Amino acid sequence: LLQRARETGEEITASARQEADEIIAKGKADAAELHVNVSAEADGIKAEAQTNLADARTDAEDILKRARLEAENSRARATAEAKERRQQLEAELEASRKQAETKMRELQDRQIHSVTYLDQVFAELFNRLPDDTWLIVTSDHGELFGEEHYFGHGPIVHEKVFEVPFVEGRAP
(Lines give C-alpha, C1' and ligand atoms only; values in the text may rest on other atoms or scores of the structure.)
Protein backbone atom coordinates (compact mmCIF):
# COMPACT_ATOMS: atom_id res chain seq x y z
CA LEU A 1 0.00 0.00 0.00
CA LEU A 2 2.82 2.28 0.80
CA GLN A 3 4.39 1.34 -2.46
CA ARG A 4 1.22 2.11 -4.29
CA ALA A 5 0.87 5.45 -2.50
CA ARG A 6 4.40 6.29 -3.50
CA GLU A 7 3.79 5.40 -7.09
CA THR A 8 0.57 7.39 -7.15
CA GLY A 9 2.35 10.32 -5.51
CA GLU A 10 5.09 10.09 -8.07
CA GLU A 11 2.51 9.92 -10.88
CA ILE A 12 0.72 12.96 -9.50
CA THR A 13 4.01 14.80 -9.04
CA ALA A 14 5.15 13.93 -12.56
CA SER A 15 1.78 14.92 -13.95
CA ALA A 16 1.82 18.16 -11.93
CA ARG A 17 5.37 18.86 -13.12
CA GLN A 18 4.43 18.18 -16.70
CA GLU A 19 1.35 20.40 -16.35
CA ALA A 20 3.45 23.13 -14.66
CA ASP A 21 6.08 22.85 -17.41
CA GLU A 22 3.36 23.20 -20.05
CA ILE A 23 1.88 26.22 -18.25
CA ILE A 24 5.35 27.80 -17.96
CA ALA A 25 6.11 27.06 -21.62
CA LYS A 26 2.73 28.53 -22.68
CA GLY A 27 3.37 31.57 -20.42
CA LYS A 28 6.80 32.06 -21.98
CA ALA A 29 5.31 31.77 -25.48
CA ASP A 30 2.51 34.18 -24.60
CA ALA A 31 5.04 36.59 -23.04
CA ALA A 32 7.28 36.38 -26.12
CA GLU A 33 4.30 37.00 -28.41
CA LEU A 34 3.15 39.88 -26.19
CA HIS A 35 6.69 41.31 -26.23
CA VAL A 36 6.75 41.13 -30.05
CA ASN A 37 3.31 42.79 -30.25
CA VAL A 38 4.20 45.51 -27.73
CA SER A 39 7.54 46.18 -29.46
CA ALA A 40 5.81 46.43 -32.84
CA GLU A 41 3.16 48.74 -31.39
CA ALA A 42 5.86 50.84 -29.66
CA ASP A 43 7.81 51.07 -32.93
CA GLY A 44 4.60 52.20 -34.70
CA ILE A 45 3.93 54.82 -32.02
CA LYS A 46 7.56 55.98 -32.19
CA ALA A 47 7.40 56.28 -36.00
CA GLU A 48 4.10 58.16 -35.78
CA ALA A 49 5.57 60.49 -33.13
CA GLN A 50 8.61 61.16 -35.33
CA THR A 51 6.33 61.93 -38.28
CA ASN A 52 4.19 64.23 -36.12
CA LEU A 53 7.34 65.95 -34.81
CA ALA A 54 8.63 66.48 -38.36
CA ASP A 55 5.22 67.84 -39.40
CA ALA A 56 5.16 70.13 -36.36
CA ARG A 57 8.64 71.43 -37.18
CA THR A 58 7.60 72.09 -40.78
CA ASP A 59 4.43 73.84 -39.60
CA ALA A 60 6.44 75.91 -37.10
CA GLU A 61 8.95 76.90 -39.79
CA ASP A 62 6.08 77.89 -42.12
CA ILE A 63 4.42 79.92 -39.37
CA LEU A 64 7.73 81.61 -38.56
CA LYS A 65 8.32 82.44 -42.24
CA ARG A 66 4.79 83.89 -42.55
CA ALA A 67 5.25 85.87 -39.32
CA ARG A 68 8.57 87.29 -40.55
CA LEU A 69 7.04 88.18 -43.91
CA GLU A 70 4.03 89.76 -42.23
CA ALA A 71 6.30 91.73 -39.88
CA GLU A 72 8.39 92.91 -42.84
CA ASN A 73 5.25 93.92 -44.76
CA SER A 74 3.86 95.64 -41.67
CA ARG A 75 7.14 97.50 -41.17
CA ALA A 76 7.13 98.55 -44.82
CA ARG A 77 3.51 99.75 -44.56
CA ALA A 78 4.26 101.63 -41.35
CA THR A 79 7.32 103.24 -42.93
CA ALA A 80 5.30 104.27 -45.99
CA GLU A 81 2.48 105.62 -43.80
CA ALA A 82 4.97 107.51 -41.63
CA LYS A 83 6.64 108.98 -44.72
CA GLU A 84 3.28 110.01 -46.14
CA ARG A 85 2.22 111.54 -42.80
CA ARG A 86 5.53 113.39 -42.56
CA GLN A 87 5.01 114.81 -46.05
CA GLN A 88 1.48 115.88 -45.07
CA LEU A 89 2.76 117.54 -41.90
CA GLU A 90 5.57 119.26 -43.79
CA ALA A 91 3.05 120.54 -46.35
CA GLU A 92 0.76 121.74 -43.55
CA LEU A 93 3.72 123.39 -41.81
CA GLU A 94 4.78 125.11 -45.03
CA ALA A 95 1.21 126.31 -45.65
CA SER A 96 1.01 127.54 -42.06
CA ARG A 97 4.38 129.26 -42.40
CA LYS A 98 3.25 131.01 -45.61
CA GLN A 99 0.00 131.99 -43.96
CA ALA A 100 1.89 133.36 -40.94
CA GLU A 101 4.26 135.31 -43.23
CA THR A 102 1.29 136.73 -45.14
CA LYS A 103 -0.45 137.68 -41.89
CA MET A 104 2.77 139.28 -40.58
CA ARG A 105 3.15 141.32 -43.78
CA GLU A 106 -0.49 142.42 -43.42
CA LEU A 107 0.13 143.44 -39.80
CA GLN A 108 3.29 145.32 -40.75
CA ASP A 109 1.39 147.08 -43.53
CA ARG A 110 -1.30 148.05 -41.02
CA GLN A 111 1.37 149.29 -38.62
CA ILE A 112 2.95 151.42 -41.37
CA HIS A 113 -0.51 152.73 -42.29
CA SER A 114 -1.15 153.59 -38.61
CA VAL A 115 2.16 155.45 -38.30
CA THR A 116 1.47 157.28 -41.57
CA TYR A 117 -1.96 158.25 -40.29
CA LEU A 118 -0.50 159.49 -36.99
CA ASP A 119 2.06 161.53 -38.95
CA GLN A 120 -0.85 163.21 -40.74
CA VAL A 121 -2.67 163.79 -37.43
CA PHE A 122 0.45 165.38 -35.90
CA ALA A 123 0.99 167.48 -39.03
CA GLU A 124 -2.56 168.80 -38.76
CA LEU A 125 -2.09 169.36 -35.00
CA PHE A 126 1.15 171.31 -35.63
CA ASN A 127 -0.64 173.42 -38.23
CA ARG A 128 -3.38 174.32 -35.73
CA LEU A 129 -1.11 175.08 -32.76
CA PRO A 130 -0.13 178.69 -32.09
CA ASP A 131 3.47 179.58 -32.82
CA ASP A 132 6.04 178.96 -30.07
CA THR A 133 3.99 176.10 -28.58
CA TRP A 134 6.17 173.49 -26.94
CA LEU A 135 4.96 169.94 -27.71
CA ILE A 136 5.86 166.62 -26.02
CA VAL A 137 4.61 163.27 -27.29
CA THR A 138 5.51 160.12 -25.32
CA SER A 139 4.18 156.78 -24.16
CA ASP A 140 4.43 154.61 -21.06
CA HIS A 141 6.05 151.64 -22.84
CA GLY A 142 7.13 150.22 -26.16
CA GLU A 143 5.54 147.32 -28.03
CA LEU A 144 6.75 143.99 -29.36
CA PHE A 145 5.76 143.41 -32.94
CA GLY A 146 6.86 139.87 -33.74
CA GLU A 147 10.30 140.09 -32.12
CA GLU A 148 11.15 136.56 -31.01
CA HIS A 149 7.54 135.67 -31.87
CA TYR A 150 6.08 138.00 -29.19
CA PHE A 151 3.44 140.67 -29.63
CA GLY A 152 2.27 143.36 -27.22
CA HIS A 153 4.01 144.64 -24.13
CA GLY A 154 3.83 141.97 -21.49
CA PRO A 155 4.14 140.02 -19.38
CA ILE A 156 7.70 139.43 -20.67
CA VAL A 157 10.71 141.67 -20.23
CA HIS A 158 12.22 142.57 -23.58
CA GLU A 159 14.32 145.57 -24.64
CA LYS A 160 11.66 146.62 -27.17
CA VAL A 161 9.18 147.11 -24.32
CA PHE A 162 11.62 149.62 -22.77
CA GLU A 163 11.99 151.60 -26.00
CA VAL A 164 9.55 154.36 -25.11
CA PRO A 165 8.58 156.79 -27.88
CA PHE A 166 9.46 160.38 -26.97
CA VAL A 167 9.20 163.41 -29.24
CA GLU A 168 9.57 166.98 -28.03
CA GLY A 169 9.98 170.27 -29.72
CA ARG A 170 8.55 173.60 -30.66
CA ALA A 171 5.71 173.65 -33.09
CA PRO A 172 6.85 175.24 -36.35
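Everything numeric in this text was worked out from a predicted model, so none of it was measured.

Calculation criteria
- Residues numbered from 1 in each chain as written.
- Predicted model: local features only at pLDDT ≥ 70, side-chain atom pairs only at ≥ 80, totals over all residues.
- Heavy atoms only, no water.
- Helix = DSSP H or I, 4+ residues; strand = E, 2+ residues; numbered from the N terminus.
- Rg over C-alpha atoms; globule rule 2.2 N^0.38 Å.
- Buried < 20%, exposed > 50% of the residue type's maximum accessible area, 1.4 Å probe, protein only.
- Contact = heavy atoms within 4.5 Å.
- Areas by Shrake-Rupley, 256 points an atom, 1.4 Å probe, with all protein chains shown as cover.
- Patch = residues over 30% accessible without salt bridge, like charges linked within 9 Å, V, L, I, M, F, W, Y side chains within 5 Å.
- Salt bridge = Lys/Arg side-chain N within 4 Å of Asp/Glu carboxyl O.
- Lys, Arg positive; Asp, Glu negative; His and termini not counted.
- Charge placed at Lys NZ, Arg CZ, Asp CG, Glu CD.
- Phe/Tyr/Trp six-rings, centres within 6.5 Å; stacked < 30°, edge-to-face > 60°.

J.: Please clarify how the overall build of the protein chain should be interpreted in this entry.
T.: When helices and strands are tallied, the protein chain shows 2 helices and 4 strands. Against the 2.2 N^0.38 benchmark of 16 Å for 172 residues, the protein chain shows a C-alpha radius of gyration of 56 Å, more extended than a compact globule. Dimensions of the protein chain, computed from the C-alpha atoms along their principal axes, are close to 180 × 35 × 15 Å. Residues counted as buried form 5% of the 172 residues belonging to the protein chain. Summarising the internal contacts of the protein chain: among those between residues at least 6 apart in sequence, 55% fall at separations of at least 24. As displayed, the protein chain has an accessible area near 15000 Å², and 56% of this comes from carbon and sulfur atoms.

J.: Help me understand the environment of G142 in this model?
T.: If you trace the backbone, G142 turns up in the loop between β1 (134-138) and β2 (144-145). Distance in space between the C-alpha atoms of G142 and E159 is 8.7 Å, their sequence separation being 17 residues. Setting aside chain neighbours within four positions, we find G142 in contact with H153, K160, V161, E163 and V164.

J.: Can you help me understand a negative patch on the surface in this one?
T.: Together, D55, D59, E61 and D62 give the surface a local cluster of negative charge. Secondary-structure assignment places E61 in helix α1 (residues 2-128).

J.: What am I meant to see in the packing of aromatic side chains here?
T.: Between two aromatic rings, the relevant description is the distance of the centres plus the angle of the planes. Applying the stated criterion to the full structure yields 1 aromatic pair. Centroid distance F122 to F126: 6.4 Å. Interplanar angle 40°. Geometry classified as tilted. With a gap of 4 residues between them, F122 and F126 both fall in helix α1, about one helical turn apart.

J.: What should I look at first to understand the pattern of salt bridges in this one?
T.: A side chain of one charge can pair with a side chain of the opposite charge when the charged atoms of the two come close. In total, this model carries 5 salt bridges according to the counting rule given. One salt bridge in this structure joins K160 and E163, with 3.5 Å as the shortest N-O distance. A residue is classified by how much of its surface remains accessible, and K160, at 28% relative accessible area, is partly exposed. Residue E163 is classed as partly exposed on the basis of its relative accessible area, which comes to 43%.

J.: Got a minute to help me understand the environment of A20 in this structure?
T.: Position of A20 relative to the elements: it lies in helix α1. For the pair A20 and P155, spaced 135 residues apart in sequence, the C-alpha separation works out to 117 Å.

As far as function goes, none of this settles anything; it's purely spatial.
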